[in-house]
Structures are given as C-alpha cells and as structure tokens.
2 protein chains.
Amino acid sequence: MTYRAPVADAAFFLEHCTSLKALAGKGALADVSPELVRQVLEEAGKFASEVIAPLNRIGDQQGTPFQNGVVTMPKGWKEAYKAWSEAGWNSLPADPQWGGQGLPSIVNMCCVEYWHSASMAFGLGPMLTAAAIEAMQVHASDALKKKYLPKLVSGEWMGTMQLTEPQAGSDLTNLRTRAERAPDGTYRLKGQKIFITYGEHDLTPNIIHFVLARLPDAPPGTKGISLFLVPKFLPKPDGTPGPRNDLRCASIEHKLGIHASPTCVMVYGDNEGATGYLVGEENKGLACMFTMMNLARLGVGVEGVAIAERAYQQALAYARERRQGKANGAASGPNAIIEHPDVKRMLLTMRALTAASRAICLKNADAIDRSRHMESQLDREAALEEANLLTPVAKAFSTDSGIDVASLGIQVHGGMGYMEETGAAQHYRDARIAAIYEGTNGIQAIDLVTRKIAQSGGKALHRMIDQFRAMAERVEETKDDEFGTCSFCLSKTVDSLERASAHMLKAIKDDPQDALAGATPYLRIFGLAAGGAYLAECALAAREFGGCEKPENAARVAIARFFAENIAPASSSLERQVVAGASSVLGSDVALSA
Amino acid sequence: MTYRAPVADAAFFLEHCTSLKALAGKGALADVSPELVRQVLEEAGKFASEVIAPLNRIGDQQGTPFQNGVVTMPKGWKEAYKAWSEAGWNSLPADPQWGGQGLPSIVNMCCVEYWHSASMAFGLGPMLTAAAIEAMQVHASDALKKKYLPKLVSGEWMGTMQLTEPQAGSDLTNLRTRAERAPDGTYRLKGQKIFITYGEHDLTPNIIHFVLARLPDAPPGTKGISLFLVPKFLPKPDGTPGPRNDLRCASIEHKLGIHASPTCVMVYGDNEGATGYLVGEENKGLACMFTMMNLARLGVGVEGVAIAERAYQQALAYARERRQGKANGAASGPNAIIEHPDVKRMLLTMRALTAASRAICLKNADAIDRSRHMESQLDREAALEEANLLTPVAKAFSTDSGIDVASLGIQVHGGMGYMEETGAAQHYRDARIAAIYEGTNGIQAIDLVTRKIAQSGGKALHRMIDQFRAMAERVEETKDDEFGTCSFCLSKTVDSLERASAHMLKAIKDDPQDALAGATPYLRIFGLAAGGAYLAECALAAREFGGCEKPENAARVAIARFFAENIAPASSSLERQVVAGASSVLGSDVALSA
C-alpha cells in the first residue's frame, strides 16, 4: 500500500474539535451523523488508496499528450474517473436538489485531501468542477441550473474556471476576452485564456467552461467583467452533447509537475464566436467568482495538506526500512535511519506541519459549515467572518507546508530522493504549484491584511486570538509534563500575533506600504498561532476522550508539543519583520538596482 | 544575456574582505596580483555567460541518452568542454608542477560559481576532476602522478570519485567492492558503485575513476578501505588510451534535475577484474578521501550560491519587465511587479541569502588559502581550523539557500514560474541535489557539532564568534542610519550562537543524543551569524573604500541591513530548538509510530 488515508485522525478531529456533532441531525444536515461521516471517510480513503493512488506515477510519466486539439489522458484515468463519479464522490457536497448528497463542507474537504494525496493531478479536475457548481448554485438562472447542474453534480460532465489571460493574471483589470450580445439572448465570445486546468481532456463527453469576459459597453476595470457558461458541445434538446461550440484548446503547457492535469491555452471565436450563457448579472462576474473563491482557495490549501501527508507517509516508510550508520547508543549498526535524531527531527517536522495545516483547513471548513447551518443569523455571520479570516491562512500556510514537507521528504530519502523512480521528487514537483495558483501566497497575505483582519473593526480577529490564547491556557492548566513547554511557546506565539495584528490594523490605515511589505510574515505568524492552537485543542481532546494510554492519543499530544516548541517560535523573528522590518524592505531598493 | 557573472562584487570582496592582498606577490603566489585576479574573473565570467549558459536548457531537455554502455552528452557540450579546458580553466588551482596555474582557492571558487551559474550540470564534471587531482597531488606515487596528473590538470581526461554502493551511502562501513592484489603490483577490482557523477560520457577520450574498495585481508569497517585509480582505458606507453579496462557503465539514473550530468551505475570486474592502482597506502583510503572532502564540500556550497545567483538574476529581470496590478501610491497601473512590496521582499530575500552564502564560501576559501600560504606555521594551523569549521556551514547553509532562492524565483514568476519553458523550474530542480550529495546537510550539521566546534577545545570557534561580534560593534560605531537596526539584530544573532555553542560543547560530552538532535538548527544559527557578520564586513568596507554615493556600495550596506533585520533574527527560535527543543525531538517518538 503506497498510501493510506489518515481517516482515524480526521474522524477524531471532526468529532471532538469541530461543530459537526452540534450541527448534525438538524435542518439541512438532518441525515448526517458522526457514524455516517466516519463511514464516508473510510470508503473515500479506500477508494483513494486502491483506485487512484496507483495512477499517480503513470500520470506523471505519460502526461497528457496533445494532438490536433485533442488531449489524451493517461492510461487508466478515464476508467478511474468514471468509477469515481459513479460511486457518487463528485456529488458529496452539492445541493440534493441537483443530485448532491448535501454533506457538510468539512466532510468533503477530508475526501478532497484523500483524492489529492492519491494523485494531485487527479483531484484537481473535480475541484474545478466543484467550484463551477458552487458558482452556478448561487448565481445561475433556473433554466441553466436545470440543464447543467445535474450533469456537473453527478460528474458526467466536468467544469473549468477561466480567468487568466497573458496580460491578466493576479490582476484581472486588463482582461480582454470579448462577449457580444446575440439576438437570442445568448452571447458570442472571442478571445484567449491561458493556464486553464482541465481545459480539454477525454474523461467526459462534454466540458462546461466558465469564462470571464467583457461586454462591448462594459465599464473599464474589474467592474466590467461578466461570467459566461460556455459548453464545449452545445447540448441538444434531449440534454446530450450536440454541435461543437466555437472554441478549442490551442496547446498545453509543459510543467514542473501535475503532469496528468492538462493546463490549456483556450481559444474562443475562430469563427462566429463561441456561444455563451450569462451566469449572474452583466458586469457582475467578479462577484460570482468571489462566491466560489473562498471554497476553491480552501481546496488548494487542502492540496498542500494532501501532498504533505503523502510525502510524510513515504518518507516514514523509507526511514523505517533503510539501514545506515550506527545510531548513538545502539549496540550495533547499521540501524534504521529513523533511529538517528536528525532524521527523527525531519520526520517530526513533516508530521507536525502536515497536522497543523490540516487542522487549519478543517477549522476553516467547519466555519463555512457553521456559516450555513447554524440557527441564529448572528452566529452564521460570525462564522462567515471566521471563515473569511482563515481562508488566506489555510491556503498559503498549507501550501507552503506542502512544499516544505515534500522537500524534507526528499531529504529523508538521501540520494534516492533525487531519483524520479522513488516518487519523492514527484511530490516536490507537484506541490510547488499550490503556492501559486488560486491567488499566489503573496496575494493571500495581502488579502488577509487589507481585507480580512479589519472585518467589523477587527472583531473576528480578536475573537480568534482570544480562542488561541485560551488553548495555551488550557494546556497550562493540565500541568501535564508530556506537554513540555508547549503552553509557554504557544503563548509567546499568540503574543506575537496580537502585537503584529495591532501593528497591521494601524498600518493599513496610516501606511499601506508598510502593511503590504509585512503581509507575508504576518500571515505566517497567523498560521503558526492557529496551527499551534488547533493542535493543542486536539491534544486536549485526546487526553479527555480516550486518554494518553492509547498511542494515537499520546501522538496527538506529542505533535502539539513538537509544533509549539520547534516550529511556532519562528513567530518572534517574523514579528520583528512585521513591526520593524518593513522599512528595511522599502528602504533597501538600492540593493535591487545596483 | 541570460546570465552575467557578478564579477565586480566578487572582486570587491576579495580585495577588501579577504587575505588575498596580503598573500599575493609572495612565495607560491609570487605571480598573483589583485589586477590579475580581476582579469581572470572577468574572462571566466565572459566564458560562462557566452559559451556555457546557452547550453543549460538544451542539457536539461536532452539529458544524456544511454545505449549499449555509451553515454551521449547533449548537443554542443563536447565542443564547449573542449574550448573550456583548452582555455585553461580546468588548471586554475592546480600545482604548476603538473601544468596548473597555482591560483589561490578563492579565485578558483569564484570561477566555480560562474560555471555552475551558467550550467550546474556542466560545472559538476570538472568539480569531480578537481577533487581527484587534489587527492592525487597529496597521496599518489610519483609514477602515478607523472602518468595521470598532467592530463587531468589540463582537462584532457576527466576524473570521477566513486564511494557509494547500494548499502553504503552516508555510512561507508559496509562497503563491499573488492580489490585483489595482482602479481605485478596492481590490483583487480570487482563490485558495483552507484550514483557516480560523470561515470561515463563522451567529453574526453579517457576517464580516470577513483574507486574505494576493500582488500581481501582488510580490517572490517572504514579502516579497511583503500583508494584505487582505475582508468577506463589503460594508457599505452606513449600515454594515449590503450586497451579497455574491465569496467562499464550499466545504467544511468533518471533524476529530478541536473539532467545533463550523467549519474551512473558502474560495474567492475565482469571478467578478470578491473586493473587498479593504489593511491596512498592500503587501508588508508578514507584519509585520502578526507583530503579532498573539504574542498569538494566547499565546491558544493558554491553550487548553492551559483544556482541562487542565476535564479535571482532571472527573477529580477522578470519582475522589472512583467506589469501587473497598480502599485500602492502609483498614479496608474499596471506597474512592474518589482514595485509591489511583497515582490520586493522576495527579491531582497533572494539577493541577501545569495550574498550571505557567497560570503561564507569565500571566507572559507580564504581560510584554505591562508592555511597554505601564510608564513608562520601557527597562522597556517589556525587558518586550517577556521576552514574546517566553516566548511560544513558553507556546504549546508549555501545549498539550503540555493533551494530557497530557486523556490522564491519560481514564486516571483507566478504561473509562468511553473512552466518549464521559463527556466525558473530548472533551477529549482537542479538546486535540490546540492543539499544531498557530498554529505547530506544533516551529515554536515553532525560533522560541525561532533568534530569541528570542539577542535582545540573550541578555540577556533570562540575566535570566530569574537570576529562576528566585532563586526556588529563596528557597525554600531558608524552611527550610520542606513544600517537601521543591523548592529542590534546581528548582536542578538551572535548571542544566540554563543549560547547555543556553549550548550553544544557541553552536550557532545554529556549527552550526545541531545547534541545530535539539535545539530541542524545549530548549523543554521552559525550560518546566520557568519553570513550576517561577513555581509556587515563587506558593507563597512563599502563605506570605507569608495563610499555610499556609489550605488553598488549603498547596495552592500542595504544587503547587510536586510539580512540582519529580516533573515538573521530566526536565530532566536533556532536557539530554542538547540537548547530546549532537543528533548522534544527525542521525546516525541510516539508521534512517528502511531
């Protein structure tokens, strides 16, 4: 078995550290129970490790050959996708009205992790479809919904999200793709999109593209962007794919990783223009995008967790097996390299970063669920602010962790790690994209600082800081030696977050340049405090529910301690960067010009 | 121009921050002058950017196809290598007795940086040859020297270093390759070596392998290993390649990066055994290896610098050209992304890490030169201890920097960075190996802690800490606002190093496990203090020689400041890991077993 989904850990966290129990059995979640959730996770984990994981290597090696506009997916992928969607995995979180199973976000996010651990390139396509479903559920007309949602929800057709153009990446202001009104109420699109994930493939008989474009009379800038649904094949009245639309894949990119995820250049309107249908209102396309953005960003954060988990499992297995050198104190060598303290430090760092990132992502998903399912509107609004706040942290911190953990995974393997046959290098290559797409991690930091922390005057932020501090205090109260200096280190980190936050809330008013220059280290502090606090919460639950005689519970305490003592303390130097160091960034220009 | 060698910076550092001026013109360096050195660096830089740099991409794409035991180098590589060696670049540091130019190590290391910046896969072959030359100069018999050294020094033939076997990587104890004595005084080798860089290729008409093997009556472990010179073709009496020796390349590896550097599995003794010649004494092979190890490790550190420099230059050029988003305070957008503070922070981090790593490597080379050329034996011995101390730091810190900087280089490029055509991804792939080979960075940390810091009771270590502190004090004395809080931050870092060192010196006696668990963070603190101090020294020289009206001198101050304020402060949390955190590594086992 090359990959085993960490179901027990997730189920424990969901049951004891989230609102799942409180929300389950009521309202829209009437049919949901912790037992059902555990069962879903177990089945998902099984499917991921048995069906998807074996495709990962072949996907990396074969890639997706492109010829005459046709993209051929790697061997076995079409069959696996069919089995996956027919088993209902694509419909997990969607509205039952359209064939979805209406399960909480948090359950779906656990599964998203498993798909991506098994194969990031595989998981990516459905993640884009899910974003399209999300946007449609909120913004599309009933007619469009009826025609497309059931097929997208079932996974019979897949969806794409098309924003980027050569001159419009992080900033969509200068987006140029044109959409002209046709007499029949539809639109004709002309233009070019780049970096389109799963823009063309042979997994499904139709692909539904969601394309940002500009009307002829649109105001300039991002307030003049509209969202269009543009099918590859225009459906016939019976719903089956009909005539080919005026769009094509012009080429695919040769990338560092995720080779089995075709990244396409898409061309619209070689002839009369591609037929598109407006989603939402004219010129309000960006609002539709924002609807699905939080969820997509969290999904990418989960990709970071996923690749970290896979890399960790592989490195751990290798370190137990590979014998080299006599360990200090051992009677004779060679010993398994896991016996060497330096290797142990690497593995613990991998494990702790993975667990912290996962905890942040799951807390984020939990906040989304509470924002949808809590009874009181006030609670729902507070939960939404919490979700908004956590999203950039979940995305950036987790994807940075994915890269760091995959890199450590190579290092644990030594020379073997650099050989492609080992597989550790693929994780490293695959992981690297997650810090870039769906808003680079720099954009996440800017979003956190300029939009998220100041929501309702910083109330959500301060509530969260209070929660983090409470965790440190609860650890202290246990007086349990197994926690080491966890409480002390965590408190220090929360202190750093509090001071850095005060600095930032002032800076975004008085000196935006200063705030922008410190955004990345600020987000990192936030991630360290949040990750540390959530791991502590999980460790406290482990003591309470089950007790530390069980090795898995002792492990939860050990991970919280390791993270707090070895990883979280970086917050102090990051705080210096936020509070005092910004001027040295902006004042050091000369170093970039000489 | 895709790459421009940073000659002016190197020349400035060599003239003002090393012993080059003091050593030049005397003894073995009688013919060396700062003017000559600057000329050599300029010519080397020109050759690297004009001849080698254009080969880097093609090398990555074509790799080195292997068929029937033959490795074919990429298009243009043979011609470039010929031109390079004929221009005398291979012979730079070697003894004039064997056709070398006897230039100081530090000059050669600057050139080594340029070759590797231009193409790491190209630079790697000659680096192995240089290691072989080094071992031969010290340990080989006169007869062997006469026969092989002139051809290795000129570069007409290349050399390899062959240590690793499947079961003998970081630990050579269980090395199995056998060497039997033949009646004619030569030896017959049988066995298999793996991960052999440039083990087979078509650049030169002969390849001279340096192979570790075990005699039939050798004591077990590393005290029973001997070093043999094993030519691919046995030279005829006239010195030209004669009959093929009983060895072959069995396969080459498919690696993450450095595709144009063939990594070979070598097989010895399909028939009667490969003819080998003993280098040094029987069973003293490891001592011969140690001779060249310091230099080879420094060379790999310089590879880290080289790839960082190349990645930085590319990211800087892209950030100046790519326009996206309106910069805060700008009248209108889109602006060059270098105008965004977060991008500026990334570029400055890249520049500062590169400069600090280079400074450490050059100081290390300077110590090697002083250990060879200073008049008093006491001074030479002190310099050697300094070189020994700096080597693991130069290797590990610089190669970690190479990876971090290459990763930031991708990030600055955004989505384009993930596309292979951009070239940023190749640097990231190439850079990754340098933290692994020539002793993993974990091995370097263990070497630093268990062998190097305790040399002569810690005298060299404390002398160096005093030097670092003096730099912080000299910065303070300038009372120059341009330094910001550089002196304060640097002092704090040196304090951390001092306390962590005291802890380590005690731990290696009292609790080796504790020392081993903290070795990696300890090395990192050392690198931060050394890098910060050397950049400060360079900045002080910039103020003194030329003054800060010159942009390049102002840049030197800005880099020292940025490093001290933004990068060095990580030392405080690393110190926590060294002093208090080790127990949490060793006490968290349970997290790896549950």
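Residues numbered from 1 in each chain as written. Chains lettered and ligands numbered in written order. Predicted model: local features only at pLDDT ≥ 70, side-chain atom pairs only at ≥ 80, totals over all residues.

*Asks:* Can you break down the interface of chain B and chain A residue by residue, with the values?
*Replies:* Listed by partner, the interface residues are 79 residues for chain B and 80 residues for chain A. Among the secondary structure elements, those contributing two or more residues to the side of chain B that touches chain A are α10 (341-373), α11 (377-413), α13 (441-452), α16 (512-517), α17 (519-544), α18 (551-567), α19 (571-586) and α20 (590-593) of chain B. Top contributing element to the side of chain B that touches chain A by residue count: α18(B), with ten residues. (Contact = placed C-beta atoms within 7 Å. Helix = DSSP H or I, 4+ residues; strand = E, 2+ residues; numbered from the N terminus.)

*Asks:* Describe in detail the pairing of strand β9 (residues 241-244) of chain B, supporting the description with residues and values.
*Replies:* Residues and elements named next belong to chain B. When strand β8 (residues 233-235) meets β9, the two strands line up antiparallel, connected through two bridges. In the strand pairing of β9, P235 is matched with P241. In this antiparallel pair of consecutive strands, β8 and β9, the connection spans five residues, and G239 shows a positive phi of 95 degrees. (Pairing = 2+ DSSP bridges.)

*Asks:* For the packing of helix α11 (residues 377-413) of chain A against helix α17 (residues 519-544) of chain A, give the residues involved together with the corresponding values.
*Replies:* Geometry of a packed helix pair, given as the angle between the helix axes and the separation of the axes. All names here are of chain A. The geometry of α11 relative to α17 is characterised by a closest axis approach of 9 Å and an angle of 95 degrees between their N-to-C directions. Accordingly, the angle class assigned to the pair α11 and α17 is roughly perpendicular. In contact with P392, V393, A396 and F397 of α11, α17 contributes L523, F526, G527, A530 and G531. A per-class count over the contact of α11 with α17 returns seven nonpolar, two polar and no charged. (Axes fitted to C-alpha atoms, helices over the stretch in contact; angles between N-to-C directions. Parallel < 35°, antiparallel > 145°, perpendicular 65-115°, else oblique. Nonpolar A, V, L, I, M, F, W, Y, C, P; charged D, E, K, R; others polar.)

*Asks:* Describe in detail the relation of the copies chain B and chain A, supporting the description with residues and values.
*Replies:* Superposition record for chain B on chain A: RMSD 0.0 Å, screw rotation 180 degrees, translation along axis 0.0 Å. On the angle and the small slide along the axis, the relation comes out as a two-fold axis. Using C-alpha coordinates, one finds that chain B approaches the rotation axis most closely at A570(B), a distance of 3.2 Å. Interface residue correspondence from chain B to chain A reaches 100%, placing this contact among same-surface, isologous pairings. (Least-squares fit on C-alpha atoms with pLDDT ≥ 70 in both.)

*Asks:* Residue-level account of unusual backbone geometry, with values.
*Replies:* Residue and element names in this part refer to chain A. Each neighbour pair has its own omega, and for G333 with P334 the value is -5 degrees, a cis peptide bond. Position of P334 among the secondary structure elements: in the loop between α9 (285-321) and α10 (341-373). Phi is positive for F195, which is not a glycine, with a value near 60 degrees. Within the element layout of this structure, F195 appears in strand β5 (residues 187-197). The buried category is assigned to F195, around which 24 C-beta atoms lie within 10 Å. Here the phi dihedral of K479 falls at roughly 50 degrees; this positive angle occurs in a residue that is not glycine. Along the chain, K479 falls in the loop between α14 (459-478) and α15 (486-510). (Buried ≥ 20, exposed ≤ 12 C-beta atoms within 10 Å, placed from the backbone.)

*Asks:* Tell me about the environment of P96(B), and please be specific about residues and values.
*Replies:* Residue and element names in this part refer to chain B. The residue P96 is located in the loop between α5 (77-86) and α6 (105-118) in this model. The class of P96 is partly exposed, set by 13 C-beta atoms lying within 10 Å. Remark: the alpha-carbon pair of P96 and T173, spanning 77 residues in sequence, is separated by 37 Å. For P96, the residues in contact, after removing those within four places along its chain, are Q101 and G102.

*Asks:* Mind laying out the pairing of strand β7 (residues 226-231) of chain A, listing which residues take part and the relevant values?
*Replies:* Residues and elements named next belong to chain A. Of all the six residues making up β7, six are buried; the element is thus mostly covered by neighbouring parts of the structure. Side chains S226, F228 and V230 project from β7 onto one buried face, and the interleaved L227, L229 and P231 project onto a second face that is buried too. Where strand β6 (residues 207-213) lies against β7, six bridges are found, and the strand directions are antiparallel. Residue A213 lies in a different strand from β7, and its bridge partner there is S226.

*Asks:* Which residues make up α17(B), and what values do they have?
*Replies:* Each turn of an α-helix holds 3.6 residues, which means side chains three or four residues apart point in the same direction. Look at α17(B): 37 Å from first C-alpha to last across 26 residues, which is about the 38 Å you get at 1.5 Å a residue. Positive backbone phi, at 115 degrees, marks G546(B), one or two positions downstream of α17(B). (Expected span 1.5 Å × (residues − 1).)

*Asks:* Please set out the domain arrangement of chain A residue by residue, giving values where relevant.
*Replies:* Residue and element names in this part refer to chain A. Each assigned domain of chain A is listed here: domain 1 (7-154), domain 2 (158-284) and domain 3 (441-584). When each unit is reduced to the centre of its C-alpha atoms, the spacing between domain 1 and domain 2 is 23 Å. The partner domain 2 presents 26 residues to the 31 residues of domain 1 that form the contact. Within the residue set of the side of domain 1 that touches domain 2, elements represented by two or more residues are α4 (56-62), α5 (77-86), α7 (120-139) and α8 (142-154). Here the side of domain 1 that touches domain 2 takes 13 residues from α7, the largest share from any one element. In terms of residue class, the side of domain 1 that touches domain 2 is made up of 20 nonpolar, eight polar and three charged. (Domains from an automatic or database assignment.)

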